[in-house]
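# Coordinate analysis (summary)
What follows is the residue order along each chain.
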Amino acid sequence: MEKLNNQQIIEALQKAFGEHAIYGIGESHGILQVTTHVDQIVPMMHFLYADPILKFQFLTDLAGIHFPEAKGQELGVVYHLHSLENNVRLWIKAYAPIEAPNFPTLTGLYAAANWMEREAFDFYGIIFEGHPNLIRILNVDDMDYHPMRKEYPLEDATRHDKIDEMFGR
Amino acid sequence: MSEIALVNSPNVGLDKTQKGGPYVNDLSTLNLGPTHPATHGIFQNILTMDGETIVDAEQTVGYIHRAFEKIAERRPFYQITTLTDRMNYCSSPINNMGWHLTVEKLLGIEVPKRAQYIRVIMMELARLADHIVCNSILAVDTGALTGFLYVYQWREHIYEIYEELCGARLTTNMGRFGGMERDLSKVAIEKIHVLLAGLPKGLKEFEGLVMRNRIFMDRTQNVGAISAERALNYGFTGPNLRAAGVDYDVRSLNPYSSYEDFEFDVPVGTKGDTYDRFLVREEEMWQSLRIIQQAMDNLPEGPYHADAPRYYLPPKEEVYKNMEALIYHFKIVMGEIDAPVGEVYQSVEGGNGELGFYLVSDGGRTPYRLKFRRPGFIYYQAFPEMIKGSSLSDAIVTMSSMNVIAGELDT
């Protein structure tokens, strides 16, 4: 069987969801990445999962990401999919504004998404609608902010003895 | 199947009309952890028990969360290696090499063959150490202490080889971007040969004591089983996935660091139970020995690091004599060298499965975002499903065989 190439994936996605459903198409060291709209995530994932050729049935990872300068799409989620049969990886990205960072949950499709989404919620405050148990996972329960957002500095703000430029940080 | 279905039904334990009084079937809550000698690490499980049977489990994780991903966003790339040590601390060289490979991919550094082979040797030694810990402790958890003593001395021996190469035992910080920090020394080569000659004997002794042991088999067979479909859906990787019958191994599917040069088998189980996980790890140790033997036999001559002066520290005597070397030394140590813009995902086969690094670089001196894909964090969420309907002692054995490492779980 010929190896599935990235162009085939793009064509399959465009055929199923229309030309404008995916954008920001790129390739990084052989891994295809596409960006999509938040409301397309669930149908797209189900399509990629069920398609008899593509078979993206393994959710490798889910990473939250914060771009404070990108107004209106500050918070993003990167889904790392892996088609084990074709040995092809794919990144699906989607962005939402920081005021309403609502994403659909993928726990219905991938059991693995449960804790991954809790982690993204914990660190970035991304709300996964429909998640069965969206509570903090690694940080303490009474924490009132989402620490991986870029506005929170690493060092204790009350310390003046540590000057970043001098310590190479 | 019917037993499990019964346990999962919401009415179990609430039937007060049964013989034996009203309290016989009452559910009780048991706090297993956070610190419990049988869980090898800080894990809390709030178990709902019906007598001896586990009805439900709720996990609490994060007790040793150290915010590595946040810290990494403020550190130059080479300082992040020490963070990776502390993830799966049973096999830190694999974490180190995975991180080096990620950054080398971003920087476009080609690592010389000799360094790749040394890395393979170190990664397989780490896998041996990891599996020795997991399997012998599993035997201890079932009540067999002797076997553990036969193989643990070899773990000590592996740590001595680490020491020879990098000076540290547990948190190794081994290797540099572009290769290794030093070549295999004479002593290290000698020690590896002693290991290759001696460990098979120790492993055979261990297997003779445990593998066909009636008590051990009774304790582990059909305990904590998971099907291949569920395992994939839960994102299992590594020995735990292979025990369920899926032959996914990063080393053979996406070879890195010259793994394509070596001949080795990927063992798979059939049932995905504790016994299969034990057997898969046991066989992987034999395969690791095979890989190390091949790497030692065919160890290429040549440099042990790439010629990448912007990222690889110059030799110390050069720093004292040569202006350029001094400048590079200073720039590297102070983390003043910017990385190119890019997005990289690199995974390696860690002791517990696919250890992935997702690195987003905005062209600065630190990563913009670094996400560790820790296999333990992802598969540990299946634990309640795996132990529902079994007894408490089975849950301990299941957890032990999954090899959940707290450092990896919580980063």
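Values in this document were obtained by computation on a predicted structure and should not be read as measured data. (Residues numbered from 1 in each chain as written. Chains lettered and ligands numbered in written order. Predicted model: local features only at pLDDT ≥ 70, side-chain atom pairs only at ≥ 80, totals over all residues. Heavy atoms only, no water.)

Residues and elements named next belong to chain B. Overall, the coordinates contain zero disulfides over all chains when judged by the stated rule. No disulfide involves C166; its sulfur sits 16 Å from that of C90, the nearest cysteine. According to the relative accessible area criterion, C166 is buried, its value standing at 16%. (Disulfide = S-S within 2.5 Å. Buried < 20%, exposed > 50% of the residue type's maximum accessible area, 1.4 Å probe, protein only.)

All names here are of chain B. Each domain of chain B was delimited in the assignment, giving domain 1 (2-60) and domain 2 (68-410). Computed from C-alpha coordinates alone, the two centres of domain 1 and domain 2 are separated by 35 Å. Counting residues at the interface gives 21 residues for domain 1, matched by 20 residues for domain 2. It is F43, I54 and Q59 in domain 1 that bury the most area against domain 2; as a group they hold 36% of the surface buried on that side. At the junction of domain 1 with domain 2, the criterion picks out one salt bridge. Note that D56 is salt-bridged to K388, the shortest N-O span being 3.6 Å. The tally of links from domain 1 across to domain 2 stands at four residue pairs in polar contact (both at pLDDT 80 or more). Those elements that place two or more of their residues in the side of domain 1 that touches domain 2 are helix 1 (2-8), strand 1 (28-32), strand 2 (44-50) and strand 3 (53-60). The element best represented in the side of domain 1 that touches domain 2 is strand 3, accounting for six residues. Among the residues making up the side of domain 1 that touches domain 2, the classes are represented as twelve nonpolar, seven polar and two charged. (Domains from an automatic or database assignment. Contact = heavy atoms within 4.5 Å. Buried area = accessible area lost by both parts, 1.4 Å probe. Salt bridge = Lys/Arg side-chain N within 4 Å of Asp/Glu carboxyl O. Polar contact = N/O pair within 3.5 Å; in protein donor to acceptor, adjacent residues only side chain to side chain. Helix = DSSP H or I, 4+ residues; strand = E, 2+ residues; numbered from the N terminus. Nonpolar A, V, L, I, M, F, W, Y, C, P; charged D, E, K, R; others polar.)

Below, the discussion takes up the confidence of the model for chain A. For chain A, per-residue confidence averages 88 on the pLDDT scale, and 90% of positions sit at 70 or higher. Per-element confidence in chain A ranges from a low mean pLDDT of 58 for helix 4 (residues 164-167) of chain A to a high of 94 for strand 6 (residues 102-104) of chain A. (pLDDT = per-residue confidence, 0-100.)

This brings us to the sheet that holds strand 6 (residues 369-373) of chain B. Residues and elements named next belong to chain B. Read from one edge to the other, the open sheet built from three strands follows the order 4-5-6, with strand pairing classed as antiparallel. Each end of this open sheet is capped by a strand with a single partner; those strands are strand 4 (341-349) and strand 6. Here the strands of the sheet are splayed against their neighbours by 10 degrees on average, with no regard to which way each runs. Where strand 4 meets strand 5 (residues 354-362), nine bridges bridge the pair, whose relative direction is antiparallel. Residue pairing for strand 5: Q346 is matched across the bridge by F357. Against the sheet, helix 4 (residues 92-107) contacts strand 4, strand 5 and strand 6, and its axis sits at roughly 150 degrees relative to strand 4. (Pairing = 2+ DSSP bridges. Axes fitted to C-alpha atoms, helices over the stretch in contact; angles between N-to-C directions.)

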